[in-house]
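What follows is the residue order along each chain.
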Amino acid sequence: MFSAKPLLEMPRWEAAAVAAIIVALMGYAIIWLEWVPHMAILTAMVSLLVYGLCRGVRYRAMQDWMIGAVGQGMGALYLFFFIGLLVTALMISGAIPTLMYYGFGLISPGYFYFSAFALSSVIGISLGSSLTTCATVGMAFMGMAHAFHADLAMTAGAIVSGAFFGDKMSPISDTTGISASIVGIDLFEHIRNMMYTTVPAWLISAVVYLWLLPAVAPHDLNGVVAFRHQLEGSGLAHLYSLLPFALLLGMALMKIDAIVTLMATIFLALGLTYFHSTPSLAELGQWFFKGPSFPEAWGDIAKLLSRGGVESMFFTQTIVILGLSFGGLLFALGVIPALLDGIRSFLTTTGRATFSVAATAVGVNTLIGEQYLSILLSGETFKPVYEKLHLHPRNLSRTLEDAGTVINPLVPWSVCGVFIFNVLGVPVWHYLPYAIFCYMSLVLTLVFGWTGVTLSRVEPKK
């Protein structure tokens, strides 16, 4: 689809003007009007459709490009259905509650910042949501920070770093699924390749939180103990409940297809559920669609565990459909091809291509404040460039995450930045210096891009 000739031959100055107006329109809608991204994208699409009609382009032709673009991303839409089912299965089987239970037992006030970072990383991977991690475990750590007289900005930075590490590396994260599907690679291949930048960034962050930040004096751990008691009282924390995670990891390492892996994990988790409870088929149908609900008597832990279900994926699936359609429309009207022509002479090396992808993702995050769009637009724009340079698409998907997913919380007016400030009570510019993992991921992906280290190539087609 995107290799076909666009419907309009647009000069570069016109393409730049259209792009600037669209970015300004979407930025105003998301930042100032606080619209959800869907409405901003729809408004931009309508504007482009009207522009195309005024330029004499038939609506049916533009629609065909949008449909073709969505067709290329159908893998992500199917994947998100299974992710919603998986989260429910991991909750009701006790896999996620058990992981949390043992994670909370590892907190040490002597290594408080590292504890906040490490546990947020674990919970982030298990939940697949950075914002949920910040809103639950993050809030608990902020309460402990007050009790321990710890630095609030440092604590918030450690929480954000861990939460977005988990969001980036979790197979049930929507941004991870989008990044893999937008370039057309397997989910677990994408996760494995991200380890080249993610693991060093995590280790560097751990060193800083362990040894370079000032120590926190030990105080009472009543908040942590309360969380563990709530998890224990739920009846969901069982050592055998960790088996689905072992199966998920094992099948991923064996490079088995993501959908097959998720289905096998769901079946195992569902079987383990009946070891400690006997939900009816009617209850299972409700839980797998809407997500499980737990008694309010369980306290704060009930809100933490009430996640999952197919319905929880609708927000992400619809934004993927709109984002892909929007990207197809930008290509159809010749906006992106004209802009690429303007920098084509610059995009001749892996370093320049990596820098351009990262700059675009960071730019969208900064101007519009939306991480999904930073991934979708950058991925669609630079796929042809990576093909021309014979770079494997997994290099592109990794850069999308390193410069898109984890940079959004560092922008004060972004969706994640505003949410985290409201939840943790710490302004973005205060915790930004301590969100080490987030900007180390960007630094490492640029270093590897310029040096070529860890970048893989594909044989040119004959």
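Note that this is a predicted model, so its numbers are computed, not measured. (Residues numbered from 1 in each chain as written. Predicted model: local features only at pLDDT ≥ 70, side-chain atom pairs only at ≥ 80, totals over all residues. Heavy atoms only, no water.)

## Regarding helix H17 (residues 335-343)
Within the sequence span of H17, burial applies to Val335, Ile336, Pro337, Ala338 and Leu340. Where H17 is buried, its residues contact helix H1 (12-32), helix H16 (314-332) and helix H19 (371-388). (Buried < 20%, exposed > 50% of the residue type's maximum accessible area, 1.4 Å probe, protein only. Helix = DSSP H or I, 4+ residues; strand = E, 2+ residues; numbered from the N terminus. Contact = heavy atoms within 4.5 Å.)

## Brief notes about the nonpolar core
If you look at the biggest cluster of nonpolar residues, it comprises 143 residues, and the most contacted ones within it are Met100, Leu305 and Phe326. A domain split of this core shows at least three residues from each of domain 1 (12-72 + 313-451) and domain 2 (74-312). In this structure, Leu305 is in contact with Met91, Pro97, Met100, Leu231, Leu236, Pro292, Phe294 and Trp298, ignoring residues within four places of it in sequence. (Core = buried A, V, L, I, M, F, W, Y, C linked by side-chain atoms within 4.5 Å. Domains from an automatic or database assignment.)

## With respect to the side chain of Glu401
Within the secondary structure, Glu401 is located in helix H20 (residues 393-405). Excluding residues that lie within four positions of it along the chain, Glu401 makes contacts with Lys168, Thr175, Thr176, Ser179, His190, Met194 and Val406.

## Some details on the packing of helix H8 (residues 152-169) against helix H23 (residues 436-451)
Relative to each other, H8 and H23 sit at 50°, their axes nearing to 7 Å. Comparing their axes, H23 and H8 come out oblique. Here Val160, Ser161, Phe164, Phe165 and Lys168 of H8 lie close against H23, whose contacting residues are Ile436, Phe437, Cys438 and Ser441. In terms of residue class, the contact of H8 with H23 is made up of six nonpolar, two polar and one charged. (Axes fitted to C-alpha atoms, helices over the stretch in contact; angles between N-to-C directions. Parallel < 35°, antiparallel > 145°, perpendicular 65-115°, else oblique. Nonpolar A, V, L, I, M, F, W, Y, C, P; charged D, E, K, R; others polar.)

## So, the pattern of salt bridges
Evaluated as defined, the whole model comprises five salt bridges. Residue Glu189 is joined to Arg394 by a salt bridge in which the shortest nitrogen-to-oxygen separation is 2.5 Å. Placement of the pair is Glu189 in helix H10 (residues 187-212) and Arg394 in helix H20, with a sequence separation of 205 residues. (Salt bridge = Lys/Arg side-chain N within 4 Å of Asp/Glu carboxyl O.)

## Some words on the domain arrangement of the protein
Examined at the domain level, the protein breaks down into domain 1 (12-72 + 313-451) and domain 2 (74-312). A straight line from the C-alpha centre of domain 1 to that of domain 2 covers 27 Å. Listed as interface residues are 49 residues of domain 1 and, on the opposing side, 55 residues of domain 2. Summing both sides of the interface, domain 1 and domain 2 together bury roughly 4400 Å²; the carbon and sulfur share of this comes to 74%. Area buried by domain 1 at its contact with domain 2 is led by Met313, Tyr434 and Phe437, which between them contribute 18% of it. Where domain 1 meets domain 2, there are two salt bridges. The interface formed by domain 1 and domain 2 includes 16 residue pairs in polar contact (both at pLDDT 80 or more). Mapped onto the side of domain 1 that touches domain 2, the elements with two or more residues apiece are helix H3 (59-72), H16, H19, H20, helix H21 (415-424), helix H22 (428-431) and H23. Looking at the side of domain 1 that touches domain 2, the element that brings in the most residues is H20, giving 10 residues. Here the side of domain 1 that touches domain 2 is built from residues that sort into 30 nonpolar, 13 polar and six charged. (Buried area = accessible area lost by both parts, 1.4 Å probe. Polar contact = N/O pair within 3.5 Å; in protein donor to acceptor, adjacent residues only side chain to side chain.)

## Regarding the state of the cysteines
Scanning the model with the defined rule gives zero disulfides in all. Of the cysteine sulfurs around Cys438, a residue in no disulfide, the closest is that of Cys134, at 9.2 Å. Overall, the relative accessible area of 0% leaves Cys438 in the buried class. (Disulfide = S-S within 2.5 Å.)

## As for unusual backbone geometry
Located in the positive-phi region is His390, a residue other than glycine, with phi close to 60°. Following the sequence through the fold, His390 ends up in the loop between H19 and H20. What makes His390 partly exposed here is its relative accessible area of 31%.

## Re the packing of aromatic side chains
The full count for this structure, using the stated rule, is nine aromatic pairs. A ring pair is formed by Tyr240 and Phe275, whose centres lie 5.4 Å apart and whose planes are at 50°; its orientation type is tilted. Of this pair, Tyr240 sits in the loop between helix H11 (222-233) and helix H12 (243-253) while Phe275 sits in the loop between helix H13 (258-273) and helix H14 (281-290); the two residues are 35 residues apart in sequence, bridging distant segments of the chain. By relative accessible area, Tyr240 is classed as partly exposed at 27%. Given a relative accessible area of 60%, Phe275 falls into the exposed group. (Phe/Tyr/Trp six-rings, centres within 6.5 Å; stacked < 30°, edge-to-face > 60°.)

## Some words on a nonpolar patch on the surface
Residues Tyr28, Trp32, Leu33, Trp35, Val36, Met39, Leu42 and Phe315 make up a contiguous nonpolar surface patch of roughly 810 Å² in combined accessible area. Elements represented by at least two residues in the nonpolar patch include exactly H1 and helix H2 (37-54). (Patch = residues over 30% accessible without salt bridge, like charges linked within 9 Å, V, L, I, M, F, W, Y side chains within 5 Å. Areas by Shrake-Rupley, 256 points an atom, 1.4 Å probe, with all protein chains shown as cover.)

## Quick word on H16
The terminal C-alpha atoms of H16, which comprises 19 residues, lie 27 Å apart, in line with the 27 Å expected from a rise of 1.5 Å per residue. H16 sits mainly inside the fold: 15 of its 19 residues count as buried. Downstream of H16 by a residue or two, Gly334 has a phi angle that is positive, lying close to 85°. (Expected span 1.5 Å × (residues − 1).)

## Quick notes on the environment of Asn193
Among the structural elements, Asn193 can be located in helix H10. Between the C-alpha atoms of Asn193 and Val357, which are 164 residues apart in sequence, the distance is 17 Å. Not counting residues up to four positions away in its chain, the partners in contact with Asn193 are Arg394, Asn395, Arg398 and Thr454.

## Observations concerning the packing of H8 against H10
Packed helix pairs are characterised by how far apart their axes lie and by the angle those axes make with each other. Relative orientation of the contacting elements H8 and H10 amounts to 165°, with a least axis distance of 11 Å. One element, H8, and the other, H10, form an angle in the roughly antiparallel class. In this structure, H8 meets H10 at a crossing whose hand is left-handed. Contacts between H8 and H10 pair Gly157, Ala158, Ser161, Phe165, Lys168 and Met169 from the former with Ile191, Met194, Met195, Thr197, Thr198, Trp202 and Tyr209 from the latter. Its residues assigned to classes, the contact of H8 with H10 shows eight nonpolar, four polar and one charged. (Left-handed = near helix turned anticlockwise from the far one by under 90°.)

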